[in-house]
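Summary of the model geometry
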Amino acid sequence: MTIPFFRYRLTLHYSWFILFGLLTWGLSAEFISQPSDTLPVTAHWALAVYATTLILASVLLHELGHAVVAEHYGLRVTGISLHLLGGWTTFEKECPSPRISAIVALAGPACSLLLAALAWPFQGDIVCRNLYKVNLVLGIYNLFIPCLPLDGGRILHAWLWHRSGSFAQAWEQAAQASKHISVGMMTLAIIGLALHYETLWIFFIAIILRLLADQAHKPVAYSQQFQTHLLHLMVPRAGIISIADTATLADLKLLFLRHGYSAYPVRNAIGHITGLVRYRDAQQSAGWMTDERTPLAPYITPLTASNSLSAQIPLIEALDKMILEKVDQLLVLEEGEGECVGWITRSMITRVQDALRHPGPDGKAPATVTQPIWQN
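Here's the deal with unusual backbone geometry
With an omega of 5°, the peptide bond running from leucine 148 to proline 149 counts as cis. With respect to the helices and strands, the residue proline 149 is situated in the loop between α4 (126-144) and α5 (151-164). The phi angle at phenylalanine 6 is positive, at roughly 55°, despite the residue not being glycine. Structurally, phenylalanine 6 is set in the loop between β1 (2-5) and β2 (8-12). Judged by relative accessible area, phenylalanine 6 falls into the exposed class, the value being 75%. Although it is not a glycine, histidine 196 sits at a positive phi angle of roughly 70°.

A look at the pattern of salt bridges
Going through the model one piece at a time under the given rule, you end up with 7 salt bridges. Two residues, glutamate 71 and arginine 7, come together in a salt bridge whose shortest N-O distance is 2.6 Å. Pair noted here: glutamate 71 is in helix α2 (residues 41-72) and arginine 7 is in the loop between β1 and β2, with a separation of 64 residues, a long-range link. Judged by its relative accessible area of 27%, glutamate 71 is partly exposed. Across the pair aspartate 281 and arginine 280 runs a salt bridge whose closest N-O atoms are separated by 4.0 Å. Of the residues examined, aspartate 281 reaches a relative accessible area of 26% and is grouped as partly exposed. Each of Lys179, Arg210 and Asp214 takes part in salt bridges that share partners, so that together they form one network.

Observations concerning the state of the cysteines
Per the counting criterion, the structure on display carries 0 disulfides. Left unpaired, cysteine 128 is separated from the closest cysteine sulfur, that of cysteine 111, by 16 Å.

Observations regarding the packing of aromatic side chains
Summed over the entire model, instances satisfying the criterion amount to 9 aromatic pairs. Note on tryptophan 16 and phenylalanine 20: the rings are 5.6 Å apart at their centroids and 45° apart in plane angle, and the pair reads as tilted. In this pair, tryptophan 16 and phenylalanine 20 both sit in helix α1 (residues 14-32), 4 residues apart, roughly one turn of the helix. You can call phenylalanine 20 partly exposed: its relative accessible area is 22%.

Description of helix α7 (residues 200-217)
At 3.6 residues per turn, the α-helix brings residues three or four places apart onto the same side. With 18 residues, α7 extends 26 Å from end C-alpha to end C-alpha; this agrees with the ideal 26 Å at 1.5 Å per step. Among all positions of α7, only Ala206, Leu209, Ala213, Ala216 and His217 are buried. Along α7, the residues classed as buried sweep out an arc of 85° about the axis, all on the same side. Turned more than 90 degrees from where α7 packs its buried face, Trp201, Leu211 and Gln215 sit exposed. On its buried side, α7 packs onto α4 and α6 (167-194).

Some details on the confidence of the model for the protein
Considering every residue of the protein, the mean pLDDT works out to 86; 91% of them sit at 70 or more. Counted against residues more than four places away or in other chains, residues 366-376, with its pLDDT under 50, gives 26 contacts.

Considerations on the nonpolar core
Nonpolar side chains tend to gather and get buried jointly when the protein is soluble and globular. One finds Phe226, Leu309, Leu315, Ile344 and Ile349 to be the most contacted residues of the largest nonpolar core, which totals 42 residues. Elements that contribute at least two residues to this core include exactly α5, α6, α8 (230-233), β8 (273-278), α11 (315-325), β11 (329-333), β12 (340-345) and α12 (346-357). Per-element tally for this core: the top contributor is α11, with 7 residues. Look past the residues within four positions of leucine 315 in its chain and what remains in contact with it is Phe226, Thr228, His229, Leu230, Leu233, Ile344, Ile349 and Val352. In terms of nonpolar packing, the next biggest core, distinct from the first, is built from 20 residues, Leu19, Leu64, Ile80 and Val104 among them.

Observations regarding the packing of α5 against α6
For the pair α5 and α6, the least separation of the axes is 8 Å and the interaxial angle reads 135°. The pairing of α5 with α6 is recorded here as oblique in orientation. In this structure, the crossing between α5 and α6 has a hand that is right-handed. Of α6, the residues touching α5 (which contributes Gly153, Arg154, Leu156, His157, Leu160, Trp161 and Ser164) are Phe167, Ala170, Trp171, Gln173, Ala174 and Ala177. For the contact of α5 with α6, the per-class residue count stands at 8 nonpolar, 4 polar and 1 charged.

As for the side chain of serine 58
Structurally, the position occupied by serine 58 is in helix α2. Using a relative accessible area of 3% as the deciding quantity, one classes serine 58 as buried. The residues touching serine 58, leaving out its near neighbours within four places in the chain, are Leu115 and Asn135.

Some details on a nonpolar patch on the surface
A cluster of nonpolar side chains, namely Tyr14, Ile18, Leu22, Leu84 and Leu85, defines an oily patch on the protein surface of about 540 Å² accessible area. With respect to the helices and strands, leucine 85 occurs in the loop between β3 (77-83) and β4 (86-91). Classification of leucine 85 as exposed rests on a relative accessible area of 52%.

Some points on the sheet that holds β3
Strands sit in the order β1-β2-β3-β4 across an open sheet of 4 strands; the sheet is mixed. The sheet is open, and its two edges are formed by β1 and β4, each paired on a single side. Averaged over all pairs of adjacent strands, the angle between their axes in this sheet comes to 25°, without regard to strand direction.

Conventions adopted
Residues numbered from 1 in each chain as written. Predicted model: local features only at pLDDT ≥ 70, side-chain atom pairs only at ≥ 80, totals over all residues. Heavy atoms only, no water. Helix = DSSP H or I, 4+ residues; strand = E, 2+ residues; numbered from the N terminus. Buried < 20%, exposed > 50% of the residue type's maximum accessible area, 1.4 Å probe, protein only. Salt bridge = Lys/Arg side-chain N within 4 Å of Asp/Glu carboxyl O. Disulfide = S-S within 2.5 Å. Phe/Tyr/Trp six-rings, centres within 6.5 Å; stacked < 30°, edge-to-face > 60°. Expected span 1.5 Å × (residues − 1). Arc of directions from axis to C-beta. Contact = heavy atoms within 4.5 Å. pLDDT = per-residue confidence, 0-100. Core = buried A, V, L, I, M, F, W, Y, C linked by side-chain atoms within 4.5 Å. Axes fitted to C-alpha atoms, helices over the stretch in contact; angles between N-to-C directions. Parallel < 35°, antiparallel > 145°, perpendicular 65-115°, else oblique. Left-handed = near helix turned anticlockwise from the far one by under 90°. Nonpolar A, V, L, I, M, F, W, Y, C, P; charged D, E, K, R; others polar. Patch = residues over 30% accessible without salt bridge, like charges linked within 9 Å, V, L, I, M, F, W, Y side chains within 5 Å. Areas by Shrake-Rupley, 256 points an atom, 1.4 Å probe, with all protein chains shown as cover. Pairing = 2+ DSSP bridges.

Below, the structure written as structure tokens:
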């Protein structure tokens with residue numbers, strides 16, 4: 001369920017409603033067990049719903065901390081999602097530098113710890129006591145467990161990014177560290193259970209963190225081993241499948257049915273590449289299903305720094321740019337001249353990762369890593 005929340009789009013995952021029910025059930029039992037309370041049972045349930053609402057609102061404030069600080073640095077927030085495990089804030093693009101990434105990550109735990117500090121003097125009230133505990137745990141949990149995608153993991157990534165200079169390589173290192181830390185947490189939880197401590201909850205959290213770390217690792221797997229240059233991988237200008245800037249939506253549909261690519265470079269009357277068109281953007285046209293003669297021109301994105309890169313850079317920098325800009329295709333330009341000489345997509349880089357994942361009998365990566373992919 002997605003609802004407008006001030007200037008943000010707030011999405012409540014179905015698991016959020018499960019969390020709401022579980023918290024309300026647990027808090028109602030705690031409130032009813034108070035020996036000095038003479039309130040009727042219905043009043044205890046109402047109080048539990050009230051407390052649960054405040055607790056989950058504090059999780060929303062945690063995410064708003066990320067959103068507000070990110071907007072301060074010029075990032076556009078595309079949405080806030082709340083779910084069983086907490087929530088996340090999504091941006092149109094990744095943070096442009098390690099420093100900004102670390103500050104945005106710190107904003108959420110700082111907000112939670114501030115809420116805990118505000119609730120601390122009023123712990124005599126049972127609702128405030130629960131708010132204090134939840135926000136304290138939320139702040140410490142996110143800040144001091146350096147596992148992706150927690151805020152602590154993002155701060156670790158920012159530090160590694162600052163050291164290596166590569167977003168992708170630092171993300172891979174942080175994901176690998178997250179795997180090891182989650183396994184360590186599982187081990188400690190099992191030892192705790194053997195010693196009759198209540199550490200089962202740590203074990204389940206560790207399993208979830210391990211699964212999330214595996215998911216975070218896949219897009220950047222083997223990026224630390226990238227030796228291939230961009231020029232060895234890109235489709236050269238002569239091999240690019242492009243579309244004319246005078247084409248219509250019907251032409252784009254036909255091209256998509258023939259080749260299935262999600263974006264196409266756009267050429268002008270003299271054959272120069274001047275931009276690109278993404279299939280998903282053209283689908284937003286009001287005449288997409290009815291008026292196939294609609295010109296393609298309004299949906300063409302011109303050449304900019306965000307959708308192009310120099311032919312002189314190594315492959316790892318191309319991957320970094322795709323991640324930072326959240327795009328799957330980039331036009332390759334000749335340095336100085338600004339003329340398009342090639343085209344590279346995320347699927348090409350994925351093939352390099354697959355080749356590194358499955359080396360040949362001699363332990364070396366196959367030829368697909370060292371020769372242009374379009375020749376295979």
